[in-house]
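Examination of the molecular architecture
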Amino acid sequence: MVVSGAPLATDAGVAILEAGGNAVDAAVASAFALSVVEPTMSGLGGRSQILIRTDDGALDAFDGTTQVPAMPPAPDEAREEGYSTIGVPGTVAALSAAHQRHGRLALGQVMAPAIMLAAEGFPLPEAEAARLAGMADRLAAYPATAGYFLGPGGTAYRAGDRLVQTDLARVLRAIARNGADVFYRGWIADSIAVDMQRNGGFVTREDLAAYEALPNLVVRDDYRGLEVVGTYLPASGATVIEALNILEQFDLTDREGSAEWVALTTRALLASFEDRTADLGSRDDQAETLVSDEWAAIRAREIGGPDAPAARPSRHEDPEPGHTTHLSVADRDGMVVALTQSLGPTMGSRVATPGLGFVYASTMGYLANVPAGGRPFSSQAPLIVLDRGEPILLLGAAGARRILSAVVEVVSRTVDEALELPDAMAAPRFHPTVDTVYLENREQTTWSDTILATLHDMGFAVALRSSPSYFARIHGIAFDRTERVWLGVADSRWSGTARGPERPTR
């Protein structure tokens, strides 16, 4: 089963499963395809987090976060777009490392669908065309970017127009032939370094050559008898697990989906948001503490029960831009992959290097306090849920900090409310900020007037949001233990798809 934010990327992963590839092969194929067909959300210049459960039960994780260069700009020089915000890209290194360790097929075969989509082009989906059109004025400030993603004379592409990316296809072919080395130490790195030097960027040839995808720290703990697995900073799996652990301290019987559940989950989320950057010792000690039941019990006592007054304000607002993409893949042997990748805001830095065809992520503008060589954390949170060691749920989302609230809510609804994954994902969502709880209010899904009134009476400031793109978009897979099949669910708030092979994969 493959679930992603773009039908063509889902198809790429399915084709690789049909060709005999495993879940990692399919995930890497879909991820590279997303860099072609959904360039507003992710790409070769971005960052990735990958969580894998192999068919023999081992867990592995790859950190492909963008990295601050050795000589970064002063904080007051960094911007949210332009050359000064660009860090060392991590997506190519992470995808290549995951494939090299766990893939079955040759990299060239795995990347073939993405190369074909770039070289031959594809009809722009309505949503992607709208996002590119909405960015047209800002993209026009960067000639190479405008040449790649705007039409003749700087006009915006329309839905259905064919987007051909010849330069990107050339870069993808080079990676398929030579691996990540050509990107970080070959001619692609040369092109990046020259462009940075000419235009005031801070990424050097040495920064690129020194970059590597790092193993990430896997964190895990149980939630009402199930094991929840994520990854620690710079990903935010520990934050999800902490929020769930706080919820586990309370009996939610007959309160699932109620105003009291919203209130309690809000306070649990705000506490876990605060703790994400707390100083609790060494990295390993901090990770162990944050996902422990002992820490959750302390925080649970502090936030009170379901009927406690409104939450105290969080010290941290949400600085992260809300555009990312996530994919989930499972194969017939039980290998599963949850993979999230991003550029930061829509189109990231908005900068593309002439001849390469992709834009770079925004890294140093809104995260300027990260030291040289550091990797800024994000709310990317690929997650796997195990029952007696076997995967029964994998998911992740797009949408900055709203990723965390959405993932916590869906896991709670599947476990506490016993909803099937499609129903849990379709249920209305909420997201707490510093002073307001935003509640989803769309024709397809909304909260009852009774719940809104009860939250108000409890002292919460509530506001309704009707935009489906505000709340995070989850792409997940559940295992149907009765039918012994994977059930893929693409979020109805986005344009993704879920599909499995139509013929045997062996």
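This text follows the structure it describes.
Residues numbered from 1 in each chain as written. Predicted model: local features only at pLDDT ≥ 70, side-chain atom pairs only at ≥ 80, totals over all residues. Heavy atoms only, no water.

**Description of the pattern of salt bridges**
Under the defined criterion, the tally for this structure stands at 23 salt bridges. Arginine 499 is paired through a salt bridge with aspartate 11; the nearest N and O atoms lie 3.2 Å apart. Within this pair, whereas arginine 499 is found in strand S19 (residues 497-499), its partner aspartate 11 is found in helix H1 (residues 7-18), the two being separated by 488 residues in sequence. What makes arginine 499 partly exposed here is its relative accessible area of 26%. On the accessibility criterion, aspartate 11 (32% relative accessible area) is partly exposed. Salt-bridge contacts for aspartate 63 lead to arginine 375; the nearest nitrogen and oxygen are separated by 3.2 Å. One end of the pair, aspartate 63, is in strand S3 (residues 59-64); the other, arginine 375, is in the loop between strand S10 (336-344) and strand S11 (383-387), with 312 residues separating them in the sequence. (Salt bridge = Lys/Arg side-chain N within 4 Å of Asp/Glu carboxyl O. Helix = DSSP H or I, 4+ residues; strand = E, 2+ residues; numbered from the N terminus. Buried < 20%, exposed > 50% of the residue type's maximum accessible area, 1.4 Å probe, protein only.)

**Things to note about the environment of isoleucine 477**
Along the chain, isoleucine 477 falls in strand S17 (residues 473-480). In the structure, isoleucine 477 is positioned 333 residues away from alanine 144 in sequence and 38 Å away in space, judged by C-alpha atoms. Apart from residues no more than four positions distant in its own chain, isoleucine 477 is found in contact with Met1, Val3, Ser328, Val329, Ala330, Ile392, Leu393, Leu394, Leu421, Trp486, Leu487 and Gly488. (Contact = heavy atoms within 4.5 Å.)

**With respect to unusual backbone geometry**
Going from leucine 233 to proline 234, the amide bond is cis rather than trans, its omega being 15°. Within the fold, proline 234 resides in the loop between strand S8 (226-231) and helix H12 (237-248). Positive phi, close to 65°, is recorded for aspartate 254, a residue that is not glycine. Within the fold, aspartate 254 resides in the loop between H12 and helix H13 (259-275).

**What about the sheet that holds strand S6 (residues 214-215)?**
Spatially, seven strands are ordered S6-S3-S2-S10-S9-S1-S19 in an open sheet, and the strand pairing comes out antiparallel. With one partner strand each, in any of the chains shown, S6 and S19 form the two edges of the open sheet. Pairing analysis gives eight bridges linking strand S9 (residues 323-330) to S10, with the strands arranged antiparallel. Note on S10: the bridge partner recorded for threonine 325 is glutamine 341. (Pairing = 2+ DSSP bridges.)

**A short note on the nonpolar core**
Ranked by size, the top nonpolar core spans 87 residues in total, and within it Leu44, Leu172 and Ile175 carry the most contacts. Among the elements that take part in this core, helix H2 (residues 23-37) stands out by supplying twelve residues, more than any other. With residues up to four places along the chain from it excluded, the contact list for isoleucine 175 reads Phe32, Leu44, Val92, Leu107, Met111, Val182, Phe183 and Ile188. In terms of nonpolar packing, the next biggest core, distinct from the first, is built from 62 residues, Leu247, Trp295, Ile403 and Ile474 among them. (Core = buried A, V, L, I, M, F, W, Y, C linked by side-chain atoms within 4.5 Å.)

**Quick look at the packing of aromatic side chains**
Summed over all chains, the structure comprises ten aromatic pairs. Both rings, one in tyrosine 470 and one in phenylalanine 471, keep their centres 4.9 Å apart while their planes meet at 85°; by these two values the pair is edge-to-face. No difference in accessibility class separates tyrosine 470 from phenylalanine 471, as the two residues are buried. Among the aromatic residues, those joined into a ring-pair cluster are Phe183, Tyr184, Tyr211, Phe358 and Tyr360. The side chain of arginine 401 reaches across the aromatic face of phenylalanine 273, ending 4.7 Å from its centre. The ring of tryptophan 494 is capped by arginine 473, whose NZ or CZ atom sits 4.1 Å from the centre of that ring. (Phe/Tyr/Trp six-rings, centres within 6.5 Å; stacked < 30°, edge-to-face > 60°. Lys NZ or Arg CZ within 6 Å of the ring centre and 35° of its normal.)

**Quick notes on the sheet that holds strand S16 (residues 462-465)**
Strand order in the open sheet made by the three strands is S14-S15-S16, with mixed pairing throughout. Of all the strands in the sheet, the pair left with one neighbour each is strand S14 (430-432) and S16. Direction aside, the axes of adjacent strands within the sheet are offset by 25° on average. The pairing of strand S15 (residues 437-440) with S16 spans four bridges and is parallel. Each residue of the ladder has a partner; that of leucine 439, found in S16, is leucine 464. With respect to the sheet, H13 is in contact with S14 and S15, its orientation differing from that of S14 by roughly 45°. (Axes fitted to C-alpha atoms, helices over the stretch in contact; angles between N-to-C directions.)

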